[in-house]
There are 2 protein chains.
Amino acid sequence: MNNNDTLKDAGLKVTHPRSEILDILQANPDMHLSADEIHNKLVANNQSIGLATVYRVLTQLEVAGLIQKNQFSDNQSSYEIKKQHHDHLICIKCGKIIEFMNDDLEQLQEKISKDYNFRLNSHVMTLFGECSDDKCAGKK
Amino acid sequence: MNNNDTLKDAGLKVTHPRSEILDILQANPDMHLSADEIHNKLVANNQSIGLATVYRVLTQLEVAGLIQKNQFSDNQSSYEIKKQHHDHLICIKCGKIIEFMNDDLEQLQEKISKDYNFRLNSHVMTLFGECSDDKCAGKK
DNA sequence: TTCCTTGCAAACGTTTTGCATCGGT
DNA sequence: ACCGATGCAAAACGTTTGCAAGGAA
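Throughout what follows, the structure given in this document is the object of discussion. This structure is a prediction, so every number in the text was calculated from the model and none was measured.

Topic: the pattern of salt bridges
Working definition: two side chains of opposite charge can pair if their charged atoms are close together. All names here are of chain B. Scanning the entire structure with this criterion turns up 14 salt bridges over all chains. Residue E130 pairs with K93 through a salt bridge whose shortest N-O separation is 3.4 Å. Of this pair, E130 sits in strand β5 (residues 119-130) while K93 is found in the loop between β3 (87-91) and β4 (97-100), placing the two residues 37 residues apart along the sequence. In this structure E130 comes out as buried when scored by relative accessible area, which is 17%. Classification of K93 by relative accessible area gives partly exposed; the value is 42%. Of the charged contacts, one joins K111 and D115 as a salt bridge, the two residues approaching to 3.0 Å between their closest N and O atoms.

The following block contains the structure:
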């Protein structure tokens, strides 16, 4: 299924900006891009799409469940194409982000919620640490 | 130990704004206040302290390890006096915040980090759900 | 042709900064 | 008296919105 069908199925009219933005996220499934970074990629691809439109489209794609918005510790949100549920491990030195999924963790969250009489809706779980990459400590 | 001694021990000169702000956080150990809310409380107490100073002081207190900064899903940070480590459970309907601590969770985080060769530094774990308060669904 | 979508620019809310003044020690 | 801390106003930042023009069905 291509992007345009994905958009249609989500009830969104197929437009150039939507298709391009979804393309970028889909082409980089392991990246966590900010609105600005996405906009830069569009510009680099000679697409003249306004930053405001990038924000509007990202919001629509998120509501449609096609992408996921993340708010890590920066004051900038980042977006990724929606995959199966996962949490994040972030290297505080090089900024590398690893996605992981742990069933024990999910169950534990359910249990904790139940203990407090909460009906769990969603969660944010982000681990910050130092990775063991040889080439770490560089960028960001 | 009073606030002034706490500030001195942290290597911070004792000033009126610092003392007042620390007072507020200490007097509300279970609240998660934004810079603006703290500023409002100061104004309500007839303290003429600028909002910029509130931000500057909060940053200093955080660096000194006296308070904890939280970035929940809003686009506003909130601050609380530093207590023993804990995570948060937030009601998406009424905004109520419950602090909890779970040893299994802490250990699981260590294990996951180790699995990915990360040296764990800190984490953010926030559960979002619906509380069971009779008077829920009201504010915020 | 009809609305929805877009681009642009201006507004927004939160946080930061420049600078002259003030205040702890 | 010194140097850091403060108040104010203005800037910066990411994000949102108003509006006229453009585009998909």
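There's more to say after this.
With respect to the side chain of S113 of chain B
If you trace the backbone, S113 of chain B turns up in helix α5 (residues 103-115). Apart from residues no more than four positions distant in its own chain, S113 of chain B is found in contact with L127 of chain A together with F118 and L120 of chain B.

What to know about helix α2 (residues 16-27) of chain B
Spanning 12 residues, α2 of chain B covers 16 Å between terminal C-alpha atoms, matching the ideal 16 Å at 1.5 Å per step. Where α2 of chain B is buried, its residues meet α1 (3-9), α3 (35-44), α4 (51-63), β1 (67-70) and β2 (78-81) of chain B.

Description of the interface of chain B and chain A
As a measure of interface size, the accessible area lost when the parts come together is often cited. Contact residues are listed per partner, giving 34 residues for chain B and 36 residues for chain A. Approximately 3,000 Å² of surface area, both sides summed, lies buried where chain B meets chain A, with 66% of it carried by carbon and sulfur atoms. The largest per-residue losses of area from chain B upon contact with chain A belong to F118, F128 and E130 of chain B, which jointly make up 20% of the total buried on that side. At the surface where chain B touches chain A, the tally comes to two salt bridges. Note that E130 of chain B is salt-bridged to R119 of chain A, the shortest N-O span being 3.0 Å. Our enumeration of links across chain B and chain A arrives at 10 residue pairs in polar contact (both at pLDDT 80 or more). At the level of elements, β3, β4, α5 and β5 of chain B are the ones that each hand at least two residues to the side of chain B that touches chain A. It is β5 of chain B that provides the largest number of residues to the side of chain B that touches chain A, a total of 12 residues.

Here we look at the nonpolar core
Core analysis: the largest hydrophobic core is formed by 26 residues, its most contacted members being F100 and L105 of chain A together with F100 and L105 of chain B. At the level of secondary structure, the elements contributing two or more residues to this core comprise β3 (87-91), β4 (97-100), α5 (103-115) and β5 (119-130) of chain A together with β3, β4, α5 and β5 of chain B. Residues contacting L105 of chain B, with those up to four places away along its chain left out, are L105, L108 and I112 of chain A together with D87, F100 and M125 of chain B.

With respect to the side chain of R18 of chain A
Residue and element names in this part refer to chain A. Positionally, R18 belongs in helix α2 (residues 16-27). Here R18 occupies a buried position and makes no salt bridge, while the nearest side chain of opposite charge, E20, is found at 13 Å. For R18, the residues in contact, after removing those within four places along its chain, are L7, L12, K13, V57 and Q60.

The rules behind each value
- Per-chain numbering applies: the sequence of each chain, read as written, is numbered from 1 onward.
- As a convention, the first chain written is A and the first ligand written is 1, with the rest following in written order.
- The predicted nature of this model means local features are confined to residues of pLDDT at least 70 and side-chain atom pairs, given and counted, to a pLDDT of 80 or more, with totals for whole chains, interfaces and linings taken over all residues.
- Derived side-chain values reflect all non-hydrogen atoms in the structure, with water molecules and hydrogen atoms excluded from consideration.
- Whenever Lys or Arg places a side-chain nitrogen within 4 Å of a carboxyl oxygen from Asp or Glu, that contact is recorded as a salt bridge.
- Starting at the N terminus, helices and strands are each numbered in turn, a helix being any DSSP run of H or I of at least four residues and a strand any DSSP run of E of at least two.
- The classification of residues rests on relative accessible area computed with a 1.4 Å probe and restricted to protein chains. Under 20% of the type maximum is buried, over 50% is exposed, and intermediate values are partly exposed.
- By definition in these notes, contact holds between two residues if any of their heavy atoms fall within 4.5 Å.
- Under the convention used throughout, the expected extent of a helix is 1.5 Å for every residue step, that is, one less than its residue count.
- Buried area is a sum: the accessible area each of two parts loses on coming together, probed at 1.4 Å, counted once for each and added.
- Between N or O atoms, a polar contact is any pair within 3.5 Å; within protein, one atom must be a potential hydrogen donor and the other a potential acceptor, and residues adjacent in sequence are included only when both atoms are from side chains.
- Nine residue types can take part in a nonpolar core, namely buried Ala, Val, Leu, Ile, Met, Phe, Trp, Tyr and Cys, and a core is a set of them joined through side-chain atoms within 4.5 Å.
- As used throughout, the charge tally considers Lys and Arg to be positive and Asp and Glu to be negative, leaving His and the chain termini uncounted.

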